[in-house]
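Chain by chain, the residues run as shown.
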Amino acid sequence: MSTVMDVQAVYTLIDSLKSDGYEVVGPRLRDKALGYVAGTNGSDLPAGLGDDQSPGNYRTRDRGDGALFGFRSSPQSWRRWIFPPNAEVWSARRDNDSFVVDTSAPDSMKVAVIGARACDVAALTIQDKVFLDGQFQDPAYKARRENLLIVAVNCSLDADSNTCFCASMGTGPRVQAGHDIALTEIIEGDKHYFVADAQTDEGSRILEGISGAPAGTDEVAAADSAISNVADSMGRKVDADGLPELMNESYESPRWTVVGERCLSCTSCTMVCPTCFCTNIEDSGDLNGVATRTRSWDSCFTLRHSHIHGGAIRNTNKARYRQWAIHKMGTWQEQFGTSGCVGCGRCITWCPSGIDITEEVTAIREEA
Amino acid sequence: MSEAAAKPTLAVWKFSSCDGCQLSILDLEEELLDIVGAVEIAYFPEMTRAVVKGPYDVSLVEGSVTTPEEAERIAEIRENSKILITLGACAVAGGIQALRNFDGADAHAWVPTVYAHPEYISTLSTSTAISDHIDIQGSVQGCPPNKYHLLELIGSLVWGRTPNLPTHSQCLDCKVKGNVCVLVAHGTPCLGPVTRAGCGSVCPSYHRGCYGCHGPAETPNMDALTTRWRSLGVAEDDIVRGRRMFYAWDPGFVGPGEEHHKQPAAETTRGQGSI
């Protein structure tokens, strides 16, 4: 059953998460952008701030409506709290003629993300397939995942979706699964409220402690209508029909040469993508004989990613962009039973060259 | 490396440079005792007056070749070094003093305007990388190099493994650090997409554009970045100046349609060294 909350109740919700021992990760204005930061208080939420995004461009703006969650995709997703950019796997030290291996226990910190968008929650369920559903489970990921609470926010405020295209990828703008609580923010004239729904027992328990009235049919209808409006007016889209087959057969497409000339191989798209999971494993040893194995975010746009005996096999920007796009939009399906793209649009906004994956897929479809 | 007597000897050499790379070694204050425990500092005048006669197991070379004397000296050092590694932008790419290499520059014409007694100055018309003169085993990039990369290098040489030194773009490190992209979100011209990571993302962390102090990344696309800088409204002259800094003479920082390298072939001594 839905409840209706006011702005103050959202602040109370954050306070209550903190008193339950959660590290609260939420949106905040930082470095002229609205991104997720740990240690969020209600007063940190970017009230009245929004953003404008286009290929290779991002700017914040005043919305003038006091919205708490009036922003689109953040510069990066909150995946770093589940899948950290650098993590020690183990270390070893000399012990006379032998050596001792030290492994640290998995992180048990409870994290609550507030303001998570449907695309990013969908991305989390995709990363679950990578780290948990295969032959081997990643124990550190599993521990963080089990301690994660998600207060999602349905996208309801911005009819112009800018670089987002979640509707065509089937992941949003309404959060579907994997969250604990879903909020829908509604601003109508001088009315500003949130329709809240609990999805899990933990979500219900938390909502019970927050003051709110049962939602009436008008309020539920307003939330549904606002979300539908965002979905219907989403300008960007990827035609997902037969997409894996299209991508798998696109290897010789001349479009890859065109986009390869624009690609910087800077790795930005893969770093901001909420589903990318590649890591580099590095062993290093200090002068005192302590060896450390570290796992760090890596990208298929680095040469080392395709380095095999004799050198890198994807030596050109074209080859690397093609590999990334075909995997993301095509072969991911075969590998994990889902698309690798959730339509958050970050790879479009944060590409310094402004390469637009939706434009590339459309061009490849037209050439096919 | 269990016997003290087996410690490898390390020599540090200076060519045309500001000494900053050597200072990066000395900046390893907390690790210096570990370093002298692992290697014998055989020649490093900026650190110690004690000199051990060569040949040396490892030579680290800072600076570029800008005088006839340096062109001869680097060949001698090569002869006396088993492993020779270049440190920093000058040694790797000629440094900022390689601006003299570009068309229209004339080092010999400048000398009288700078020095009261130009007759004492003997200089080449070019500033060139150490690897233009001799064969080298590797490089540590940066102006100056990250001191932890130097520690990593020394550690890898001691243990006989490959050093973990980045070659990827600066953008990766900015994202790992959680920096908001200054180019995309602020419209600030930034060389990050074509620049090698390793500095610790210093400039973008303070809302400045990267100015390429670690040189070109492994596969820089300067044409595409130039297109982007133009769309930000950066003037053509400023685009050229932007990439002509510490790695001006590195082929990776050559702009679209730009002729590169009046080759200083007549003045090089490349190939005379041995490993």
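Along each chain, residues carry numbers from 1 onward, in the same order as the chain's sequence is written. Numbering of ligands from 1 and lettering of chains from A proceed in the order in which they are written. It should be noted that, the model being predicted, local features are given only for residues of pLDDT at least 70 and side-chain atom pairs only at 80 or more, the latter also being counted only at that level, while totals for whole chains, interfaces and linings use all residues. Values shown for side chains rest on all heavy atoms present in the structure; no hydrogens or waters enter the calculation.

*Asks:* With reference to specific residues and values, describe the overall build of chain B.
*Replies:* Secondary structure summary: chain B contains 11 helices and 5 strands in total. Taken over the C-alpha trace, chain B has a radius of gyration of 20 Å; the compact-globule value for 275 residues is 19 Å, and the two agree within 12%. For chain B, the spread of C-alpha atoms along the principal axes amounts to about 60 × 50 × 35 Å. Taken across its 275 residues, chain B has 53% of its residues classed as buried. Secondary structure elements are taken from DSSP: a helix is a run of H or I of four residues or more, a strand is a run of E of two residues or more, and numbering for both begins at the N terminus. The globule rule is 2.2 Å times the number of residues to the power 0.38, and the radius of gyration it is compared with is taken over C-alpha atoms. Classification of residues uses two cut-offs on accessible area relative to the type maximum, computed with a 1.4 Å probe and protein chains only: under 20% is buried, over 50% is exposed, and between them is partly exposed.

*Asks:* I'd like a rundown of the interface of chain A and chain B, residues and numbers included.
*Replies:* In this description, contact between two residues means that some pair of their heavy atoms is separated by no more than 4.5 Å. Listed by partner, the interface residues are 48 residues for chain A and 36 residues for chain B. If you sort the residues of chain A by the area they bury against chain B, Asp-31, Leu-264 and Leu-287 of chain A come out on top, with a joint share of 22%. One side-chain nitrogen of Lys or Arg within 4 Å of one carboxyl oxygen of Asp or Glu is enough to make a salt bridge. Counting across the interface, chain A meets chain B through 0 salt bridges. Here a polar contact means two N or O atoms within 3.5 Å. Within protein one must be a hydrogen donor candidate and the other an acceptor candidate, and residues neighboring in sequence count only if both atoms are side-chain atoms. The tally of links from chain A across to chain B stands at 24 residue pairs in polar contact (both at pLDDT 80 or more). Computed with a 1.4 Å rolling probe, the buried area is the accessible surface lost when two parts are put together, summed over both parts.

*Asks:* Outline the sheet that holds strand 2 (residues 40–43) of chain B, supporting the account with residue identities and numerical values.
*Replies:* Residue and element names in this part refer to chain B. Should DSSP find at least two bridges between two strands, the strands are regarded as paired. In space, the 5 strands of this open sheet follow the order 2-1-3-4-5, with parallel pairing throughout. Strand pairing shows two members of the sheet lacking a second neighbour, strand 2 and strand 5 (138–140), which therefore form its edges. Going across the sheet, the axis of each strand differs from the next one's by a mean of 30 degrees, ignoring polarity. The sheet contact formed by strand 4 (residues 81–87) and strand 5 spans 3 bridges and is parallel. Directly across from Ile-85, in strand 5, lies its bridge partner Gly-138. Contacts from helix 3 (residues 68–79) reach strand 1 (9–14), strand 3 (56–62) and strand 4, with the element oriented near 130 degrees to strand 4. Note on definitions: angles span 0 to 180 degrees between N-to-C directions of axes, and those axes are lines fitted to C-alpha atoms, for helices only across the stretch in contact. In this fold helix 6 (residues 147–159) packs onto strand 3, strand 4 and strand 5, with an angle of close to 165 degrees to the strand it touches most, strand 4.

*Asks:* I'd like a description of the pairing of strand 4 (residues 49–54) of chain A, backed by residues and values.
*Replies:* Residues and elements named next belong to chain A. Where strand 4 and strand 5 (residues 57–62) come together, 6 bridges link them in antiparallel fashion. Along strand 5, the bridge assignment pairs Gly-50 with Arg-61. Turn length for the strand 4-strand 5 hairpin, with the two strands adjacent in sequence and antiparallel, is 2 residues, and the turn residue Gly-56 shows positive phi of about 75 degrees.

*Asks:* Any chance you could break down the nonpolar core for me, citing the residues and the numbers?
*Replies:* All names here are of chain A. To form a nonpolar core, buried Ala, Val, Leu, Ile, Met, Phe, Trp, Tyr and Cys residues must be joined to one another through side-chain atoms within 4.5 Å. Residues Met-5, Leu-13, Leu-17, Phe-69, Trp-78 and Leu-183 are the most contacted members of the largest nonpolar core, which totals 89 residues. If you tally residues by element for this core, the top one is helix 2 (residues 118–131), at 9 residues. For Phe-69, the residues in contact, after removing those within four places along its chain, are Val-10, Pro-27, Leu-45, Ile-114, Gly-115, Arg-117, Val-153, Leu-157, Leu-183, Glu-185 and Phe-194. Residues Val-238, Cys-300, Cys-347 and Ile-348 belong to the second largest nonpolar core, which totals 27 residues.

*Asks:* I'd like to hear about the domain arrangement of chain A, residue by residue, with values.
*Replies:* Residue and element names in this part refer to chain A. Each domain's limits were defined by an automated method or a database of domain assignments. Once the domains are mapped, chain A shows domain 1 (3–85 + 104–232) and domain 2 (243–284 + 297–367). Here the C-alpha centroids of domain 1 and domain 2 sit 27 Å apart. With 31 residues of domain 1 at the contact, the number on the domain 2 side is 30 residues. In terms of surface lost to domain 2, no three residues of domain 1 exceed Arg-79, Ile-126 and Phe-165, which account for 25% of the buried area on that side.

*Asks:* Can you tell me about the pattern of salt bridges, naming the residues and giving the values?
*Replies:* All names here are of chain A. Scanning the entire structure with this criterion turns up 28 salt bridges over all chains. Arg-72 is the salt-bridge partner of Asp-158, the closest N and O atoms lying 3.8 Å from each other. Taken as a pair, Asp-158 in the loop between strand 9 (148–154) and helix 4 (166–169) and Arg-72 in the loop between strand 5 and strand 6 (86–95) lie far apart in primary sequence, 86 residues in all. Using a relative accessible area of 8% as the deciding quantity, one classes Arg-72 as buried.

*Asks:* Let's hear about the packing of helix 10 (residues 317–336) of chain A against helix 12 (residues 357–367) of chain A: which residues, and what values?
*Replies:* All names here are of chain A. Their axes nearest at 12 Å, the elements helix 10 and helix 12 cross at an angle of 85 degrees. With respect to helix 12, the element helix 10 is oriented roughly perpendicular. Across the interface between the two elements, Tyr-321, Trp-324, Ala-325 and Met-329 from helix 10 touch Ile-357, Glu-360 and Val-361 from helix 12. A per-class count over the contact of helix 10 with helix 12 returns 6 nonpolar, no polar and 1 charged. If an angle is under 35 degrees, it is roughly parallel; if it is over 145, roughly antiparallel; if it lies from 65 to 115, roughly perpendicular; otherwise it is oblique. The residue classification treats Ala, Val, Leu, Ile, Met, Phe, Trp, Tyr, Cys and Pro as nonpolar and Asp, Glu, Lys and Arg as charged. All others, Gly included, are polar.

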